Amino acid sequence: MNHPDDSGQEFLSSKQGVQIAVALGSNLGDSQQILTAAIAKLSAVPKMQLTATSRWYRTKAVGPPQPDYINGCIIMQVNISPQVLLETLLATEQQFGRVRQERWGPRSLDLDLLLYDQVILDTPNLQIPHPRMRERAFVLVPLAEIASDWIEPVSGCTIKQLVKDVDCSDVHLLKSN
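Residues numbered from 1 in each chain as written. Predicted model: local features only at pLDDT ≥ 70, side-chain atom pairs only at ≥ 80, totals over all residues. Heavy atoms only, no water.

Engineer: Explain the overall build of the chain to me, please; I cannot follow it from the model alone.
Structural biologist: Looking only at helices and strands, the chain has four helices and eight strands in total. Counting from the amino terminus, helix and strand elements in the chain follow one another as β-α-β-β-β-α-β-β-β-α-α-β. Counting across all 177 residues of the chain, residues that qualify as buried make up 49%. Contacts in the chain between residues at least 24 apart in sequence constitute 69% of all its contacts with a sequence separation of at least 6. Carbon together with sulfur atoms contributes 50% to the accessible area of the chain, which is approximately 8,900 Å² in total. (Helix = DSSP H or I, 4+ residues; strand = E, 2+ residues; numbered from the N terminus. Buried < 20%, exposed > 50% of the residue type's maximum accessible area, 1.4 Å probe, protein only. Contact = heavy atoms within 4.5 Å. Areas by Shrake-Rupley, 256 points an atom, 1.4 Å probe, with all protein chains shown as cover.)

Engineer: Explain the nonpolar core to me, please; I cannot follow it from the model alone.
Structural biologist: Proteins that are soluble and globular tend to have nonpolar side chains buried together. Counting residues in each nonpolar core, the largest one holds 29 residues, and the members touching the most others are Ile20, Val78, Leu85, Leu113 and Tyr116. Looking at this core, the elements that each hand over two or more residues are strand 1 (18-26), helix 1 (31-43), strand 4 (69-78), helix 2 (82-95), strand 5 (110-116) and strand 7 (126-128). Broken down by element, this core gets its largest block of residues, five residues, from helix 1. (Core = buried A, V, L, I, M, F, W, Y, C linked by side-chain atoms within 4.5 Å.)

Engineer: Teacher, can you tell me more about the pairing of strand 4 here?
Structural biologist: On a regular strand, each side chain points to the face opposite its neighbour's, so the side chains alternate between the two faces of the sheet. In terms of burial, strand 4 is a largely internal element, nine of the 10 residues being buried. As defined by bridge partners, strand 1 adjoins strand 4 across nine bridges and the pair is classed as antiparallel. Of the residues in strand 4, the one forming a bridge with Ser26 is Ile70. Inspection of the sheet shows strand 2 (residues 48-53) paired to strand 4 by five bridges, in the antiparallel sense. Along strand 4, the bridge assignment pairs Thr53 with Ile74. Relative to strand 4, strand 3 (residues 57-59) is paired through three bridges, and the arrangement is antiparallel. For Arg58, the partnering residue across the bridge sits in strand 4 and is Ile70. (Pairing = 2+ DSSP bridges.)

Engineer: Please explain the pairing of strand 1 as it appears in this structure.
Structural biologist: With eight of nine residues buried, strand 1 is to be regarded as a mostly interior element. As paired strands, strand 1 and strand 5 are joined by six bridges and run antiparallel to one another. Considered in strand 5, the bridge of Leu24 is made with Leu111.

The values reported here are purely geometric and, on their own, carry no functional implication.
In structure tokens, the structure reads:
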């Protein structure tokens, strides 16, 4: 089933839940500490279980001039709807001081829901898969590290195939991993 009603509730018929992928990024404050703490916070949410974490990567910022980002991805097993998951991610960003002032501006924490199982969803406030993930090396490189064979449902390509189609020259593994 790929197209839910607005609530996304029919995705939750499985007792073990569904696999999701989330991209994390930060370029304000102690980014690595913020990202690690955000993962711990998400892992503590009921019905959300961390199953994989990528290493951290330094990447050039997209948008206005600003510091480089630290980026990574996580895989979780969840038993909550896509909408509740989005609300959880947004609340977590706020807990870490995220303020939305300008598009693609600097941020203490950015959490993007990339994939929710094989779901394709397009609502006014949530698109799954993330609409720009296939263009972004800073998402695809860490995601390929932990979910290389996951098939992105719109393109039908695996993550390892998608990463070959983007310029990865500005994505650098952090030495402190």
